[in-house]
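# Structural characterization, general
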Amino acid sequence: MILIYAYIGKYKNYEQQEVTFDTAYSVHFEKGILKIMYNGIPVYDDLLHSGKPDNLHILVGKTGSGKTNLLQLIGSKKETRTERRWKGEPDAYFLLYSIGPTEFFLEICNVDMKQFPIEHTPENTTLPLSLRDNAVRMDTLSTVRFTIPEVLEVGESTSDFSIVQEYGRKPMVTERVRDFASIINCYDIHSFLKPPYEDEKETYDDFKSDWIGRMIVPYHRTSLWQLCEYIRDYIANVESGSLKRKVSFVLSTHNYADSYPIKLPSAIEEDYWTFFSLEQDRHIASLDQGAAARLKKRKKQVDKLTQLSPKDLFIHDLWTDYAMYLRKWVARIQNFNAEETIPEDRLDYSGKYDVYQEFIDYYTEKEYKEDIDPTMLPDGIHMSIVKRCTWLAEYIDRVDSGDPHGVLWQIIDDIKDIGNFLKQLDDKYFTIDSCTIPVVDMALPEYVDLFNDLFERMEQYVPDDAGIFTARLLPYSFTHLSTGEFQYAKVLGGLDQNLKIAYSDNSRMDRIILLDEPEAYMHPELARQFIKRMYDIVAKYENTGTIQIIIGTHSPFLVSDVCSENITRLTIESETGNAEVLHNSEKEYFGANLHTIFADGFFLDYTIGEYSRNWLQKNLNRVRELEQKKTLALEEQRYIETLRTFMEKIGDPLIRRAFEVCIEAMGGNR
């Protein structure tokens, strides 16, 4: 399946615009009639590129011209489309896809098409007004699967369509479009003041609709293993002596507790001591009597500083960070729920005691055989730090949902697994408060499976209902890695990851992948390589369904790898401020000089910096004025001599030559 055409009657800053994504077709929509013409495949297509992706299209243009809006029009989930009109944004558009030589698919929003008239549902006046509005909105959204009588020859067109029923009346197909095609909408969430979609894990609810299923995949959701794989791929090509060869993955014990602004009583804080704090006290004991006194009280703990390995110290303090964080959450919960009473449905008929909790306590004791009482806190009780974390999780889960073995208790199991994985790493990676692993070491045979499992525990968990763990379960960072290099690994790694998941079962699945400014933050050299690297990745999935990629970009390097007919140029109408789609550039883009691309594709007035342009223009005008004079004043002569010295600094040879010609015309005697 390939998206071949979009008609936009109204959407955000678009009004009465159309975009062609597949040059094999020309589509016309006029007076409610849709007509499709087949142009054929260019004869040089296989010469230029044979294989995946099946279609590549680039969106370029001025900032604010609507590249991102167009990608969102294509990539938004159906639930977003159902709400848009009622948020003050009237819209009307349709998206046309080709399934095969004679079969097509339409997604229509609020457009009257005579071949496929909208079947309006009679208004139900008994419904509340908000529900009636929603029903009207749903009436404006529809999908149509249709065929044409026969395969079109080059230059032929048709508007003779026959509807194909999905799981319906004959003629009928047994596989819905949503079952073999999907759209992956990728973007950088940090590029928006207000991100267009919620940053939440994909639930795939959209695949239950009659529209093509959409996945919202921000670049930062690339899996850690895939991310590290593409960091390794990148650093393998840098100079052997470069610090980039030492890029490392870093974990810390200072993640949650210190950043949570609650102060616990000192008697409680004593339960949450760390080896890191003991080490600090040991360093300052000679200068601080208080620190020396604390060390004397904790002689057994201090002795362990020299008896245990840095890895053991790190893992203990990592658990302590989690435990202190959970204990601070308990303090917050206690303050928040100070006036809370037990709901009536959890009391027996007499109201004297909590029958539900009595059952939970019995269930806990009988089923799990733990000496943990989730109705009380572990304050002041001597126990391992791991058990303290489990106890606190059960206490919070019980307060939250009544069941001590809820989501938070399950998350503690993931944290236990993380600790067990870290124990299997070599001691050389650890200090008392950090774990630093070179990313190249992760690919060692003895570590590949371990890091795969470790990263899965760090990423694949369900946030708890109380909102305690809602982002990363274990935060991380990298050393010796720039923002642009990180972006390079996220985008390319995410592309590979999504294709790998899509085709893991060798099924046919057509993909349309939207990439919004993937080159953002990248060095020009990385941007210059991007299309080539993208082709290399997609080529690995040769024996799959169709793959179409649509990219919105500000990089001329991406554009120079694509023919002009596969580029949509967007500018801004001077009178309305709306997006304007420009078709059929007179310039050829493939392998073009960047000056040509900047001027034509990005609508730059000039291709040099504005300060230098103003300076050059002002001084060239002055030289031309002086050229007309027979005699130059002393000050003017000095100016010409200074300019003659400076001319070698002018980077453009044509501009430099313009100055030289004027000065030579003055003659040597002036």
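The coordinates are above.
This structure is a prediction, so every number in the text was calculated from the model and none was measured.

With that settled, the discussion passes to the overall build of the chain. Each helix and strand in the chain was counted, giving 22 helices and 21 strands. Computed over the C-alpha atoms, the radius of gyration of the chain is 33 Å, more than 25% above the 26 Å expected from 2.2 N^0.38 for a compact globule of 670 residues. Here the C-alpha coordinates of the chain stretch approximately 95 × 85 × 50 Å along the principal axes. Here the chain holds 670 residues, and 48% of them are scored as buried. Contacts spanning at least 24 positions in sequence make up 71% of the contacts within the chain whose residues lie at least 6 apart. As presented, the chain carries roughly 34800 Å² of accessible surface, and 50% of it is formed by carbon and sulfur atoms.

We now examine the packing of helix α13 (residues 385–401) against helix α14 (residues 407–423). Two elements in contact, α13 and α14, have axes whose closest approach is 7 Å; the angle formed by their N-to-C orientations is 160 degrees. With respect to α14, the axis of α13 lies roughly antiparallel. Every pair of crossing elements has a handedness; the one defined by α13 and α14 is right-handed. Contacts between α13 and α14 involve V386, C389, T390, A393, E394, I396 and D397 from the first element and V407, L408, W409, I412 and K416 from the second.

Counted under the stated rule, the structure contains 34 aromatic pairs. Ring geometry for Y322 and F469: centres 6.0 Å apart, planes at 65 degrees, overall edge-to-face. Taken together, the residues span a long stretch of sequence, with Y322 in helix α11 (residues 310–336) and F469 in the loop between α15 (448–459) and β17 (477–479) at a distance of 147 residues. Both residues of the pair, Y322 and F469, belong to the buried class. These aromatic residues form a ring-pair network of at least three members: W225, F249, Y429, Y447, F451, F455, Y476, F478 and F486. Residue placement shows R232 over the ring face of W225; its charged tip is 4.9 Å from the ring centre. One residue, R622, lies across the ring of Y639, its end atom 3.9 Å from the ring centre.

Here we come to the pattern of salt bridges. Under the definition given, this model contains 22 salt bridges. Measuring nitrogen to oxygen at the nearest pair gives 2.9 Å for the salt bridge that ties K52 to D54. Residue class for K52 comes out buried when judged on its relative accessible area of 6%. Between D417 and R457 there is a salt bridge, with the nearest N and O atoms lying 2.9 Å from each other. Taken together, the residues span a long stretch of sequence, with D417 in helix α14 and R457 in helix α15 at a distance of 40 residues.

Glancing now at the packing of helix α6 (residues 224–235) against α15. Two elements in contact, α6 and α15, have axes separated by 9 Å at closest approach and are oriented at 130 degrees. Here α6 lies oblique to α15, going by the angle between them. Contacts between α6 and α15 pair L224, W225 and C228 from the former with V448, F451, N452, F455, M458 and E459 from the latter. Residues that form the contact of α6 with α15 fall into these classes: seven nonpolar, one polar and one charged.

Here we come to the sheet that holds strand β14 (residues 213–216). Judged by pairing direction, the sheet is mixed, and its seven strands sit side by side in the order β14-β13-β18-β19-β5-β20-β21 without closing on themselves. Looking along the sheet, the strands with just one partner apiece sit at the ends: β14 and β21 (579–582). Across the sheet, the mean angle from the axis of one strand to that of its neighbour is 20 degrees, orientation sign disregarded. As defined by bridge partners, strand β13 (residues 181–186) adjoins β14 across four bridges and the pair is classed as parallel. Paired with I184 across the bridge in β14 is M215. Contacting β5 (55–61), β13, β14, β18 (510–516), β19 (547–552) and β20 (567–572), helix α2 (residues 67–75) crosses the sheet at an angle of about 155 degrees to β18.

Across the junction of K52 and P53, the peptide omega takes the value 0 degrees, indicating a cis bond. In this structure, Q16 takes a positive phi of about 55 degrees despite not being glycine. One can find Q16 in strand β2 (residues 14–20). One non-glycine residue, K31, adopts positive backbone phi at about 55 degrees. By the element assignment, K31 lies in the loop between β3 (25–30) and β4 (33–38). Its relative accessible area of 70% is what places K31 among the exposed residues.

Further remarks concern α15. Under the 1.5 Å per step criterion, the end-to-end length of α15 is 17 Å for 12 residues, consistent within 8% with the ideal 16 Å. Restricting attention to buried positions, one finds in α15 the residues L450, F451, L454, F455 and M458. Taken down its axis, α15 places every buried residue within 125 degrees of arc, on the same side.

Another point: the sheet that holds β3. The strand order β3-β4-β9 describes an open sheet built from three strands, whose pairing is antiparallel. Bordering the open sheet on either side are β3 and β9 (157–158), each of which pairs with just one other strand. Across six bridges, the pairing between β3 and β4 is antiparallel. Bridge pairing links Y25 to Y38 in β4.

Conventions and cut-offs
- Residues numbered from 1 in each chain as written.
- Predicted model: local features only at pLDDT ≥ 70, side-chain atom pairs only at ≥ 80, totals over all residues.
- Heavy atoms only, no water.
- Helix = DSSP H or I, 4+ residues; strand = E, 2+ residues; numbered from the N terminus.
- Rg over C-alpha atoms; globule rule 2.2 N^0.38 Å.
- Buried < 20%, exposed > 50% of the residue type's maximum accessible area, 1.4 Å probe, protein only.
- Contact = heavy atoms within 4.5 Å.
- Areas by Shrake-Rupley, 256 points an atom, 1.4 Å probe, with all protein chains shown as cover.
- Axes fitted to C-alpha atoms, helices over the stretch in contact; angles between N-to-C directions.
- Parallel < 35°, antiparallel > 145°, perpendicular 65-115°, else oblique.
- Left-handed = near helix turned anticlockwise from the far one by under 90°.
- Phe/Tyr/Trp six-rings, centres within 6.5 Å; stacked < 30°, edge-to-face > 60°.
- Lys NZ or Arg CZ within 6 Å of the ring centre and 35° of its normal.
- Salt bridge = Lys/Arg side-chain N within 4 Å of Asp/Glu carboxyl O.
- Nonpolar A, V, L, I, M, F, W, Y, C, P; charged D, E, K, R; others polar.
- Pairing = 2+ DSSP bridges.
- Expected span 1.5 Å × (residues − 1).
- Arc of directions from axis to C-beta.

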